[in-house]
Amino acid sequence: DTGVSQDPRHKITKRGQNVTFRCDPISEHNRLYWYRQTLGQGPEFLTYFQNEAQLEKSRLLSDRFSAERPKGSFSTLEIQRTEQGDSAMYLCASSLGGQVSGANVLTFGAGSRLTVL
Amino acid sequence: AQSVSQHNHHVILSEAASLELGCNYSYGGTVNLFWYVQYPGQHLQLLLKYFSGDPLVKGIKGFEAEFIKSKFSFNLRKPSVQWSDTAEYFCAVIASGSARQLTFGSGTQLTVLP
């Protein structure tokens, strides 16, 4: 596996339901990021992990959002009580920590598109 | 906090035309700069990056970008575009040495007419 994998690629749900997305980063990368992208906009940062520690969360990440990376490998992003405004592409990225240049080069997955009806 | 501005939202060119996409950032310290590209139906891919040294950086597929510190700019260029360059292009910035968030511009949709 040479890339960042995300699952599912597309999720359609009804307002009020919970959804969970999974991200498998590049295996040697210890940093993992979640971004959200809406139509016509660039990706917006949501949260970031180094190994299993969640080191930063954006103010965009409301209480209904939770992310975990329990063993420092894959990560999940859960959205509880979804709202129509949550409809977006949720992107996962990973990078190699410990080296200044490599640490800042993010490799993105294909994304998980959420549609809330 | 850093921010990125991409002034061109949609650019339409004919094949073989020259391309320049503008990118300006705001941040007072040393930065790392990136251009990512998203081809239709595909994921974001790194086009080129600047960390330090020569301010003119070359990326894949004949693209280059020039970092002008005094203008806080990192414009993307290509001397002759191809139909296959049709994509959305995103400029991004992060504080150098930081593990914090990569901040993206809103993107420029490039359409190349055959």
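(A) Spotlight on the state of the cysteines. Residue and element names in this part refer to chain A. Scanning all chains against the criterion turns up two disulfides over all chains. At a sulfur-sulfur separation of 1.9 Å, the disulfide partner of C23 is C92. Residues C23 and C92 are joined by a disulfide whose S-S torsion is about -70°; by sign, that bridge is left-handed. Of the two residues, C23 is situated in strand β3 (residues 19-24) and C92 in strand β9 (residues 88-95); the sequence distance between them amounts to 69 residues.

(B) Seen up close, the pattern of salt bridges. Considering all chains together, one arrives at seven salt bridges over all chains under this definition. Residues R22 of chain A and D24 of chain A are paired through a salt bridge, measuring 2.7 Å at the closest nitrogen-oxygen approach. Residue R22 of chain A is classed as partly exposed on the basis of its relative accessible area, which comes to 33%. Taking the relative accessible area as the measure of exposure, D24 of chain A reaches 25% and is therefore partly exposed. Between R77 of chain B and E64 of chain B there is a salt bridge, with the nearest N and O atoms lying 3.4 Å from each other. Of this pair, R77 of chain B sits in strand β9 (residues 73-78) while E64 of chain B sits in strand β8 (residues 64-68), and the two are 13 residues apart along the sequence. Judged by relative accessible area, which is 22%, R77 of chain B ranks as partly exposed. The network of salt bridges with shared partners includes K58, E64, E66 and R77 of chain B.

About the cut-offs
- Residues numbered from 1 in each chain as written.
- Chains lettered and ligands numbered in written order.
- Predicted model: local features only at pLDDT ≥ 70, side-chain atom pairs only at ≥ 80, totals over all residues.
- Heavy atoms only, no water.
- Disulfide = S-S within 2.5 Å.
- Helix = DSSP H or I, 4+ residues; strand = E, 2+ residues; numbered from the N terminus.
- Salt bridge = Lys/Arg side-chain N within 4 Å of Asp/Glu carboxyl O.
- Buried < 20%, exposed > 50% of the residue type's maximum accessible area, 1.4 Å probe, protein only.

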